[in-house]
Amino acid sequence: MTADSYRDAGATGDAPTAGSEESRVLTAELFAVLHGGVDSAASETARERLVHLHLALVHHCARRFLNRGELHEDLVQVGTIGLLKAIDRFDAGRGVEFSTYATPTIVGEIKRHFRDKGWAIRVPRRLQELRLHISGATAELTQQLGRSPTPRELAERVGCSVEEIVEGLESNNAYATLSLDAGDDHEDSAGRLVDALGTDDADLEHVEIRESLKPLIDALPVREKKILLLRFFRNQTQSEIAEQIGVSQMHVSRLLTRTLSELRASLHDPH
């Protein structure tokens, strides 16, 4: 077949059935033109025909990744990139059939798509790859055992620890996320997920201070301790406190000031 006939076939010829003897012969002829380097137009036509000739292989590889949150058409598009890479890298002189060489390249491109672009939250590449191994092992063991495998069974199949399996399973939560503005699944609820989130308790930051003050207050003399109780826990005025303990309001003020200063000093320098 000449270079001119390849250009004509690229425009009008029908591709043979993929995997047939005719397809293998045509593939070899197309690569001969592609690598011939004589006619750039014929080489480009041969490359395009190789892509169309092996699109069925791309669809076959893409179907292995269905029901993982990506459209089949998108996976085919990614797989076609892998097919183009395989065409550009293929060495017909090694005696390997092109479909055998291209399959891992196509599958690898699709897997790379899932690792790099399919995650809602970025996770380490190690966990992304582990998730793929767990997914394959889960399918195999489920078929063999007739039930879902345990983490230990998965660990033995994948060849890692149970803790790593658990970590890999938990990473599934990072693959798809929901917007905080999305509603929950209950029909009688119109609330948003963000409305169900808790808020920081402003009193939490004072817990440590209160716990530190307790032993210091317990060590105070009875009169000073009573003044603090009446002033800060019962919200009484200094005049009211003075009437209860039988001293002047000015004396209550001095005792309160001195006691608070001692407590502050103890908090900053407990020793």
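Cut-offs and rules
- Residues numbered from 1 in each chain as written.
- Predicted model: local features only at pLDDT ≥ 70, side-chain atom pairs only at ≥ 80, totals over all residues.
- Heavy atoms only, no water.
- Helix = DSSP H or I, 4+ residues; strand = E, 2+ residues; numbered from the N terminus.
- Buried < 20%, exposed > 50% of the residue type's maximum accessible area, 1.4 Å probe, protein only.
- Areas by Shrake-Rupley, 256 points an atom, 1.4 Å probe, with all protein chains shown as cover.
- Core = buried A, V, L, I, M, F, W, Y, C linked by side-chain atoms within 4.5 Å.
- Contact = heavy atoms within 4.5 Å.
- Salt bridge = Lys/Arg side-chain N within 4 Å of Asp/Glu carboxyl O.
- pLDDT = per-residue confidence, 0-100.
- Axes fitted to C-alpha atoms, helices over the stretch in contact; angles between N-to-C directions.
- Parallel < 35°, antiparallel > 145°, perpendicular 65-115°, else oblique.
- Left-handed = near helix turned anticlockwise from the far one by under 90°.
- Phe/Tyr/Trp six-rings, centres within 6.5 Å; stacked < 30°, edge-to-face > 60°.

As annotated in an unreviewed UniProt entry, the chain is RNA polymerase sigma factor SigF from Nocardioides aestuarii.

S.K.: Please explain the overall build of the chain as it appears in this structure.
M.R.: The number of helices and strands found in the chain is 13 helices and 0 strands. Reading the secondary structure of the chain in the N-to-C direction produces α-α-α-α-α-α-α-α-α-α-α-α-α. Expressed as a percentage of its 271 residues, the buried residues of the chain come to 29%. Carbon and sulfur atoms make up 51% of the accessible area of the chain, which amounts to about 17,700 Å² in all.

S.K.: For this particular structure, what's the right way to read the nonpolar core?
M.R.: One broad trend across soluble globular proteins is that nonpolar side chains are buried collectively. Phe-31, Leu-83, Ile-87, Phe-98, Ile-106 and Ile-110 are the most contacted members of the largest nonpolar core, which totals 28 residues. Those elements that provide at least two residues to this core are helix H2 (21–34), helix H3 (40–53), helix H4 (55–63), helix H5 (72–89) and helix H6 (98–117). Aside from chain neighbours lying at most four places away, what touches Leu-83 is Val-51, His-54, Leu-55, Val-58, Phe-98 and Ile-106. Core analysis: the second largest hydrophobic core is formed by 11 residues, Leu-220, Ile-227, Leu-230 and Ile-241 among them.

S.K.: I keep staring at the pattern of salt bridges and nothing clicks. Help me out?
M.R.: It is possible for side chains bearing opposite charge to pair when their charged atoms get close. Taken as a whole and assessed by the stated rule, the structure comprises 10 salt bridges. A salt bridge links Asp-88 to Arg-47; the nearest nitrogen and oxygen atoms lie 2.9 Å apart. With Asp-88 in helix H5 and Arg-47 in helix H3, this residue pair connects regions lying 41 residues apart in the sequence. Among the charged side chains, a network of salt bridges with common partners joins Glu-21, Arg-24 and Glu-97.

S.K.: I keep staring at unusual backbone geometry and nothing clicks. Help me out?
M.R.: Glycine aside, a negative phi is what most residues show, and trans is what most peptide bonds show. A positive phi angle is found at Asn-235, which is not glycine, with a value near 55 degrees. On the basis of relative accessibility, which here comes to 63%, the residue Asn-235 falls in the exposed class.

S.K.: Even after reading the chapter, I still don't get the confidence of the model for the chain, so can you show me in this structure?
M.R.: Do not read the predicted coordinates in detail wherever pLDDT is low. Taken over all residues, the pLDDT of the chain has a mean of 80, while the share at 70 or more is 77%. The least confident element of the chain is helix H1 (residues 3–12), whose mean pLDDT is 40; the most confident is H4, at 93. Low pLDDT, under 50, characterises residues 1–15; the predicted model gives this stretch 21 contacts beyond four residues in sequence or across chains.

S.K.: Please explain the packing of H3 against H5 as it appears in this structure.
M.R.: Helix packing for two helices is described by the angle between their axes and how far apart those axes are. For the pair H3 and H5, interaxial distance at closest approach is 10 Å and the crossing angle is 130 degrees. One finds that H3 runs oblique with respect to H5. Between H3 and H5 the crossing geometry is right-handed. Of H5, the residues touching H3 (which contributes Arg-47, Leu-50 and Val-51) are Thr-80, Leu-83, Leu-84, Ile-87 and Asp-88.

S.K.: I'm lost on the packing of aromatic side chains in this one. Help?
M.R.: Two numbers describe a pair of aromatic rings. These are the distance of the centres and the angle of the planes. In the structure shown here, the tally under the stated rule is 4 aromatic pairs. Each ring, one from Phe-31 and one from Phe-90, has its centre 4.7 Å from the other, and the planes form 50 degrees; the classification is tilted. In this pair, Phe-31 is assigned in helix H2 and Phe-90 in the loop between H5 and H6, connecting sequence segments 59 residues apart. For Phe-31, a relative accessible area of 2% translates into the label buried. The exposure class assigned to Phe-90 is buried, which follows from its relative accessible area of 7%. On the basis of an interplanar angle of 80 degrees and a centroid distance of 5.2 Å, the ring pair of Phe-90 and Phe-98 is categorised as edge-to-face. Residues Phe-90 and Phe-98 agree in their burial class; the two are buried. Within the aromatic cluster, the residues linked to one another by ring pairs are Phe-31, Phe-90, Phe-98 and Tyr-101.

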